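Residue-level structural notes
So the chains spell out like this:
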Protein chains: 2
Amino acid sequence: MKILEVQLGERAYPILIGECLLDDAALLREHAAARQVLIVTDSTVAPLYLSRLRAALADCQVVEAIIPVGETSKSLANLSRLWDVLMANRFGRDATVIALGGGVVGDLAGFAAACYQRGIDFVQVPTTLLADVDSSVGGKTAINHPGGKNMIGAFHQPRAVIADVSLLATLPERELCAGLAEVIKYGLICDAPFFGWLEARLPRLRARDPETLIDAIHRCCAIKAAIVGRDEREQGERALLNFGHTFGHAIEAATGYSEWLHGEAVGAGMRIAADLSQRLGLIGPEEVRRIDRVLTAAGLDRQPPRCGAGQALDYMRIDKKVKAGRVRLILLQGIGHAVLTGDYADDALDATLKAYFD
Amino acid sequence: MKILEVQLGERAYPILIGECLLDDAALLREHAAARQVLIVTDSTVAPLYLSRLRAALADCQVVEAIIPVGETSKSLANLSRLWDVLMANRFGRDATVIALGGGVVGDLAGFAAACYQRGIDFVQVPTTLLADVDSSVGGKTAINHPGGKNMIGAFHQPRAVIADVSLLATLPERELCAGLAEVIKYGLICDAPFFGWLEARLPRLRARDPETLIDAIHRCCAIKAAIVGRDEREQGERALLNFGHTFGHAIEAATGYSEWLHGEAVGAGMRIAADLSQRLGLIGPEEVRRIDRVLTAAGLDRQPPRCGAGQALDYMRIDKKVKAGRVRLILLQGIGHAVLTGDYADDALDATLKAYFD
């Protein structure tokens, strides 16, 4: 097991990354137990892992809430339902919410915990690679609004993250690949050596080799923790973590947040961002080829929907990075070197959007 | 005009306390203007002051949301409506929400701002004495849940508070008295000299003398800022600010959050807390008499509903100060000296509850 201590302000918490952690009752009791525990999970994960987690928390008053699987569950209705469950069971300020699931479960459960009595403890047990490397660090929680993804939310740091790579054994192939998109992202934005490491190890990651997964998750969380530690409230550098996301959001919005997995959209979004970076002369064709190869090796090769360049731009404008009306973009100046900028030629963006969305 | 700088962590903000501030466009533009502004107000305040605030913000894109007056507006439905308004107008992360109103408007608007895009700027323009002295400091925002008051919320500090005592001219007498309950509370919990100052000045405060109001508001905000500065997340000392509130919540819950104003309930709650403090031998009859006299001089003499002691205790258990199942209470060890404790004789509490609620 590897342990990463995330230091954020006055609060620090551990990310425990290893095998078979869900069966380690002592570990769970140390990091995830309270007198009152609400486990939030989804309809796919519940039959696989809920009873094991419950068994490890036998001493607590455990209540569970099972939400339908999928992005549409990040809704105000489900958020309200979680608050109702907490209230109905008279949970106090010292209760803990455990998110057993992927990003959807974590975002929803974390937001419920952030606002219940103005903030109660929250522990994550990710069951997807994407949640392991993305939601584990940063404290972002949110629900979607009909007008945009993650538009309503809070920053709420977990008390602990228990990243058990054994849980990834049941992860559908598509979801594994979607998670790899975020893994690749870390290399692209700020860690060229890690990108090189990945180029050699995608087959092993796709075969779910536990040690390789533990190494990759640890590296991604360490990168994210360093960035978030320098910029907790996303005033600057942290925005780089959204590399590929602005274009990805457009893809997700154009397809009603239902056909594409978030990571798949980010994967396609990174290709689009690389294309624009090349058009602007920031990177060369060899770098674009390396990026394309890695994404393809990760199983990420879906074509964006042909919703029209204008429509795509419209969706992008809803992005939280919009400042004074201008869409700011994260572009690559090289592999391992991303920049956030509103200073780009509109006709290059237009050409990129036409190439992918028209 | 008096200015109090509230220093909380990395963020500081000013509370501006004076006369005719709403007509000072330069002041408002300095502290409350952004490119996009959502003004949240209620159906009582809107016809009185909304046009004046709008006039001062003529340069901004101003959108308004008018909620029905009253505590029941602190609902998930209204919160959701504010998010819809922000989304529909494509407000960005650099937008500002201004709360023009009392505590209900401030709590709702502040919570909407806290969660919109995970937190946008928030400015308060209180129109009640209670909001001046209570909501101005501390960053507490919330909505009510059918099962309890302020159960869902966030800590979100404002960028500025503009406390214009001229706006109190239109405040109904009952609301003024309710605000005085919180003013008296500050003296009782930690400032005996201020309590003495108040004993001599309640007639002037009830006559709404601007200078006396400015002095009282300044003192209350300074006291609260000092306490909150030492305990931003309500781990300890800050709980003292809830003096009278646990009993008050029981009164409000027993009357469906509709018949009593919050401050009226706090006023009655402070009498009940003083009674219990005397039964426990913490204070003597002379102190209880001084407290009763001041509350009566402030127009606070309603009798709690006869809902039954058991029912009242049940409502109290929902309070956020419950720890490990035990209701902790704030009691007086003297005028100007409150303590939070779970260590009290149950039969004394029972006798107090029977005296007031049976």
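Residues numbered from 1 in each chain as written. Chains lettered and ligands numbered in written order. Predicted model: local features only at pLDDT ≥ 70, side-chain atom pairs only at ≥ 80, totals over all residues.

Details of the nonpolar core
Formed by 253 residues in total, the largest nonpolar core has its most connected members in Val40(A), Ala112(A), Val40(B) and Ala112(B). Residue contacts for Val40(B): discarding those within four places in its chain leaves Ala65(B), Ile67(B), Leu82(B), Val97(B), Ala99(B), Val105(B), Leu108(B) and Ala109(B). (Core = buried A, V, L, I, M, F, W, Y, C linked by C-beta atoms within 7 Å. Buried ≥ 20, exposed ≤ 12 C-beta atoms within 10 Å, placed from the backbone. Contact = placed C-beta atoms within 7 Å.)

Overview of the domain arrangement of chain A
The parts lose accessible area when they come together, and the size of an interface is often stated as this lost area. All names here are of chain A. As far as domains go, chain A holds domain 1 (2–170) and domain 2 (185–357). For domain 1 and domain 2, the distance between their C-alpha centroids amounts to 26 Å. Facing the 27 residues of domain 1 at the interface are 21 residues of domain 2. Broken down by secondary-structure element, the contributors of at least two residues to the side of domain 1 that touches domain 2 are β1 (2–8), β2 (11–18), α5 (129–135) and β8 (148–155). A per-element tally of the side of domain 1 that touches domain 2 places β1 first, with five residues. Grouping the amino acids of the side of domain 1 that touches domain 2 by side-chain chemistry returns 12 nonpolar, 10 polar and five charged. (Domains from an automatic or database assignment. Helix = DSSP H or I, 4+ residues; strand = E, 2+ residues; numbered from the N terminus. Nonpolar A, V, L, I, M, F, W, Y, C, P; charged D, E, K, R; others polar.)

Comments concerning the relation of the copies chain A and chain B
Once chain A has been moved 0.0 Å along the axis and rotated by 180°, it coincides with chain B to within an RMSD of 0.0 Å. Here the copies are linked by what is in effect a two-fold axis. For chain A, the residue whose C-alpha comes nearest the rotation axis is Ala154(A), separated from it by 4.3 Å. The fraction of interface residues of chain A whose copies in chain B are also interface residues reaches 100%, indicating that both copies meet through the same surface. (Least-squares fit on C-alpha atoms with pLDDT ≥ 70 in both.)

Here's the deal with the pairing of strand β11 (residues 337–341) of chain B
Residues and elements named next belong to chain B. Bridge count for strand β10 (residues 329–334) against β11 is five bridges, and the pairing is antiparallel. Bridging from a neighbouring strand, Leu 331 pairs with Val 339 of β11. Hairpin remark: β10 followed by β11, antiparallel, with two residues in the connecting loop; positive phi at Gly 336, about 90°. (Pairing = 2+ DSSP bridges.)

Regarding the packing of helix α7 (residues 192–206) of chain B against helix α8 (residues 210–230) of chain B
Residue and element names in this part refer to chain B. Orientation of α7 relative to α8, taken along the N-to-C sense of each, is 145°, at an axis distance of 10 Å. Read as a crossing pair, α7 and α8 show a hand that is left-handed. Contacts between α7 and α8 pair Phe 194, Arg 201, Arg 204 and Leu 205 from the former with Thr 212, Leu 213, Ala 216 and Arg 219 from the latter. (Axes fitted to C-alpha atoms, helices over the stretch in contact; angles between N-to-C directions. Left-handed = near helix turned anticlockwise from the far one by under 90°.)

Digging into the interface of chain A and chain B
Between chain A and chain B, the contact holds 27 residues from the first and 27 residues from the second. Residue assignment for the side of chain A that touches chain B shows that the elements contributing at least two residues are α3 (76–88), α4 (103–115), β7 (140–145) and β8 of chain A. Broken down by element, the residue count for the side of chain A that touches chain B peaks at six residues, all from β8(A).

With respect to the sheet that holds strand β6 (residues 121–126) of chain B
Note: strands within a sheet are paired through backbone hydrogen bonds, in either parallel or antiparallel orientation. Residues and elements named next belong to chain B. Strand order in the open sheet made by the seven strands is β1-β2-β9-β6-β5-β3-β4, with mixed pairing throughout. In this open sheet, the two edge strands, each paired with only one partner strand, are β1 (2–8) and β4 (61–67). Adjacent strand axes in the sheet meet at a mean angle of 15°, parallel and antiparallel pairs treated alike. Pairing of strand β3 (residues 36–42) with β4 involves seven bridges; the strand directions are parallel. From the neighbouring strand, Ile 39 faces β4, where its bridge partner is Glu 64. Lying on the sheet, helix α3 (residues 76–88) is in contact with β3 and β4; it crosses β4 at an angle near 165°. Contacting β3, β4, β5 (96–101) and β6, helix α4 (residues 103–115) crosses the sheet at an angle of about 170° to β5.

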